[in-house]
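The residues making up each chain are set out below.
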Amino acid sequence: MTTQTDISKSAKPGLKQWLTSDTPHSRFQAKCGRAWLGWIKFSQNKLAMIGLSVVMGLILVTIFAPLLAPYDPLAADLTNRIQPPSAEHWFGTDQLGRDILSRLIYGAQYTLLIVGLVAITAAPLGLLVGTAAGFFGGWVDSVLMRITDIFLAFPKLILALAFVSALGPGIENAILAIAITAWPPYARIARAETITVRKSDFIEAARLQGTSNFALIIGHITPMCMSSLVVRVTLDMAGMILIAAGLGFLGLGAQPPMPEWGAMVSDGRQFLLEQWWVATVPGLAIFVVSLGFNLLGDGLRDVLDPRGGD
């Protein structure tokens, strides 16, 4: 449990007093205080900090890929194909002589693009469906939840495969397919949170003041669902990466010569026994990034979920 001594060691005296004041003078000060205490609790979780480091590393690699990559990720050199790791090529080369390290670095851009676009499309859709179902109830709840149940009845990867097969291969269609399959759990979470607060006194008070249903959902109920939703989205990002890699492995995601990690594993599977680095290195990248998102999600759950704290 965070103590006053721990906080005093982590902030300057004046700032510490402002952040930990028992009588904040503004809503902004209260939010900053809660955020600071949350960060203190989060930073004490070593595994969560490792996950945050992995995710921040992924973001930095994505931003500075042109500076970090030693070679052109698309440039083939058949005279240098299937070379083992060396000082010149740290992770070796693939079957076309392309530098695997450079392809990994540029492949991080596609990984972050997929999880980012899926998160900003699937999460709001699930939040809208869940809050509407929980707030209105009745036939609205029944219709929306039965649609949600239909999507939940199918494994995500199988459903994503069906959508990509119908839409055609490509990274854009892969992102759309993953987003379509990712929203139902968020709808369930938002519905459960909405049902617990829709009869609360502050909701009734706002309704008596003439607040519309739309304003109640957007201004009062949606913020109550955000903490649980953020935790679930962070935890689900590892699954999104695996589904995207699976689609790339099957040739339905990013198309050659794009350096997508799942496609790189697929290209190297035929050399797995003798030239292990061609498939193993991108596979390890998928593992490390997925683990980082899981560790980050666990840490955020400890901080943001009031039912999971001490």
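Residues numbered from 1 in each chain as written. Predicted model: local features only at pLDDT ≥ 70, side-chain atom pairs only at ≥ 80, totals over all residues. Heavy atoms only, no water.

**Some remarks on the pattern of salt bridges**
Item 1. Counted according to the given criterion, the structure contains eight salt bridges.
Item 2. Among the ionic pairs, Arg232 bridges to Asp236, the shortest N-O distance being 3.0 Å. Remark: Asp236 and Arg232 occur in helix H11 (residues 213–249); sequence separation between them is four residues, near one turn of the helix.
Item 3. What makes Asp236 buried here is its relative accessible area of 12%.
Item 4. Across the salt bridge formed by Asp298 and Arg301, the nearest N and O atoms sit 2.8 Å from each other. With a gap of three residues between them, Asp298 and Arg301 both fall in helix H13 (residues 277–304), about one helical turn apart.
Item 5. Shared partners join several salt bridges into a network, and the residues in it are Asp94, Arg98 and Arg103. (Salt bridge = Lys/Arg side-chain N within 4 Å of Asp/Glu carboxyl O. Helix = DSSP H or I, 4+ residues; strand = E, 2+ residues; numbered from the N terminus. Buried < 20%, exposed > 50% of the residue type's maximum accessible area, 1.4 Å probe, protein only.)

**With respect to the confidence of the model for the chain**
Item 1. Here the chain averages 85 in pLDDT, while 94% of its residues score no lower than 70.
Item 2. For the chain, per-element mean pLDDT is lowest for helix H1 (residues 4–10), which scores 46, and highest for helix H4 (residues 46–63), which scores 92.
Item 3. Overall, residues 1–12 carries pLDDT values under 50, and its contacts beyond four positions in sequence, including any with other chains, amount to 18 contacts. (pLDDT = per-residue confidence, 0-100. Contact = heavy atoms within 4.5 Å.)

**Thoughts on the side chain of Asp94**
Item 1. Position of Asp94 among the secondary structure elements: in the loop between helix H5 (65–68) and helix H6 (100–136).
Item 2. Take Asp94: its relative accessible area is 5%, and that puts it in the buried class.
Item 3. Only 2.8 Å separates the side chain of Asp94 from the backbone nitrogen of Arg98, close enough to count as a polar contact.
Item 4. Excluding residues that lie within four positions of it along the chain, Asp94 makes contacts with Arg81, Ile82, Ile100, Arg103 and Val278. (Polar contact = N/O pair within 3.5 Å; in protein donor to acceptor, adjacent residues only side chain to side chain.)

**Observations regarding H11**
Item 1. Look at H11: only 46 Å from first C-alpha to last across 37 residues, short of the 54 Å you get at 1.5 Å a residue.
Item 2. One or two positions beyond H11, positive phi appears at Gly251, with a value near 85°. (Expected span 1.5 Å × (residues − 1).)

**What to know about the packing of aromatic side chains**
Item 1. On inspection of all chains with the given rule, the structure shows four aromatic pairs.
Item 2. Here the aromatic rings of Trp39 and Phe42 are separated by 6.0 Å at their centres, their planes lie at 25°, and the arrangement is stacked. Of this pair, Trp39 and Phe42 both sit in helix H3 (residues 27–43), separated by three residues, roughly a single helical turn.
Item 3. Just above the ring of Phe249 sits the side chain of Arg269; from NZ or CZ to the centre is 5.4 Å. (Phe/Tyr/Trp six-rings, centres within 6.5 Å; stacked < 30°, edge-to-face > 60°. Lys NZ or Arg CZ within 6 Å of the ring centre and 35° of its normal.)

**Quick look at the packing of H11 against helix H12 (residues 261–268)**
Item 1. In the contact formed by H11 and H12, the axes pass within 7 Å of each other and the chain directions differ by 45°. Considering the angle they form, H11 stands oblique to H12. Taken as a pair, H11 and H12 cross one another with a handedness that is right-handed. In this structure, H11 contributes Ala245, Gly248 and Phe249 to the contact, and H12 contributes Gly262, Ala263, Val265 and Ser266.
Item 2. For the contact of H11 with H12, the per-class residue count stands at four nonpolar, three polar and no charged. (Axes fitted to C-alpha atoms, helices over the stretch in contact; angles between N-to-C directions. Parallel < 35°, antiparallel > 145°, perpendicular 65-115°, else oblique. Left-handed = near helix turned anticlockwise from the far one by under 90°. Nonpolar A, V, L, I, M, F, W, Y, C, P; charged D, E, K, R; others polar.)

**Considerations on a nonpolar patch on the surface**
Item 1. Taken together, the side chains of Leu60, Ile63, Phe64, Leu67 and Leu68 present a nonpolar region at the surface, about 520 Å² in accessible area.
Item 2. Contributions of two or more residues to the nonpolar patch are made by H4 and H5. (Patch = residues over 30% accessible without salt bridge, like charges linked within 9 Å, V, L, I, M, F, W, Y side chains within 5 Å. Areas by Shrake-Rupley, 256 points an atom, 1.4 Å probe, with all protein chains shown as cover.)

**A few points about the environment of Gly239**
Item 1. By the element assignment, Gly239 lies in helix H11.
Item 2. Separated by 81 residues in sequence, Gly239 and Ile158 have C-alpha atoms that sit 13 Å apart.

**Description of the nonpolar core**
Item 1. If you look at the biggest cluster of nonpolar residues, it comprises 63 residues, and the most contacted ones within it are Val118, Ile178, Met240, Leu247, Trp261 and Phe293.
Item 2. Of all elements in the fold, only H4, H6, helix H8 (156–167), helix H9 (171–197), helix H10 (201–208), H11, H12 and H13 reach the threshold of two or more residues within this core.
Item 3. Apart from the residues lying within four places of it in its own chain, the contact partners of Ile178 are Ile114, Val118, Met240, Ile243, Ala244 and Leu247. (Core = buried A, V, L, I, M, F, W, Y, C linked by side-chain atoms within 4.5 Å.)

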